[in-house]
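# Inside the fold
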Amino acid sequence: MGIYDLTVTIWPGMPTWPGEEDIRLDPVSRISLGDVANVSRLALGTHTGTHVDAPWHFHDAGPTVDQLPLEVLVGEGYVADMGQTAQIGPEELRQAKIPAGVTRLLLKTTNSRYWAHDKGGFQKDFVAVTPEGAQWIVERGIRLIGIDYLSVERFGSLDHAVHRTFATQGVIAIEGLNLGEIPAGWYQILCLPLKIAGADGAPARVIAVGPLNRK
């Protein structure tokens, strides 16, 4: 059994969604300059790196990030290896042999390779969930869904059907995971977003403990 850190390190210049604020980490005081302590000012968007989408992000009646239930964010979940697939629809989800009764599902794809520092900026061709795949996920009672790039939905979507399906059904999305080193299987998932009042999302630290000995 091990502890897997599924969180992307935040660094200035890392890939961010086009149009969102770049990360800034500016010095306020430095011991090397004669100050008492090292203090910095951090500026970043609510959907930077590994982050949680609160349903309010795409549904005005949904909860904001500070209202999300911990019993959904923490508990047993399943990491599904989606292989080399270019999209995640019902057929791809069926082929992944996801066990019955899963309520927390993390989708491991080829996206995780994009988090290497030498891969450059934002990648538009990432693997994402299709609208039909989102409906499949909702119908199976999954309450927490995660993927290893900055959106569960393909780049350039005009209707945001995937996000809206999840948001209106109260499904919490974790985006920007790094699942490159974790094998498929059952784990104890711990996802703790920053508790920001009234926010549509927040960066999160996400870890998985396991694999668990489950059949």
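Each remark here, short or long, concerns the structure printed above.
Quick look at the structure, then.

Quick notes on the rules
- Residues numbered from 1 in each chain as written.
- Predicted model: local features only at pLDDT ≥ 70, side-chain atom pairs only at ≥ 80, totals over all residues.
- Heavy atoms only, no water.
- Helix = DSSP H or I, 4+ residues; strand = E, 2+ residues; numbered from the N terminus.
- Buried < 20%, exposed > 50% of the residue type's maximum accessible area, 1.4 Å probe, protein only.
- Contact = heavy atoms within 4.5 Å.
- Pairing = 2+ DSSP bridges.
- Core = buried A, V, L, I, M, F, W, Y, C linked by side-chain atoms within 4.5 Å.

### So, the side chain of threonine 165
With respect to the helices, strands and loops of the structure, threonine 165 is situated in helix H4 (residues 161-168). The buried category is assigned to threonine 165, whose relative accessible area is 17%. When neighbours within four sequence positions are excluded, threonine 165 is seen to be in contact with Ala134, Gln135 and Val138.

### What about H4?
Of all the eight residues making up H4, six are buried; the element is thus mostly covered by neighbouring parts of the structure. Against the buried residues of H4 lie strand S4 (51-53), helix H3 (131-139), strand S7 (144-147) and strand S8 (172-175). Looking one or two residues beyond H4, the residue adopting positive phi is glycine 170, at roughly 75°.

### Side note on the pairing of strand S10 (residues 201-210)
Among the 10 residues that make up S10, seven are buried, leaving the element largely enclosed by the rest of the structure. The sheet contact formed by strand S1 (residues 2-5) and S10 spans four bridges and is antiparallel. Paired with aspartate 5 across the two strands is isoleucine 207, which belongs to S10. Here S4 pairs with S10 via three bridges, running antiparallel. The residue of S10 that forms the bridge with valine 52 is alanine 202.

### Quick word on the nonpolar core
Ranked by internal contacts, the top residues of the largest apolar core, which has 25 residues, are Ile98, Leu105, Leu107 and Phe166. Here the element with the most residues in this core is H3; it accounts for four residues. Filtering out sequence-adjacent residues up to four positions away, isoleucine 98 remains in contact with Tyr78, Ala80, Leu93, Leu105 and Trp136. Membership of the second largest hydrophobic core comes to 23 residues, among which are Val65, Leu144, Leu177 and Cys191.

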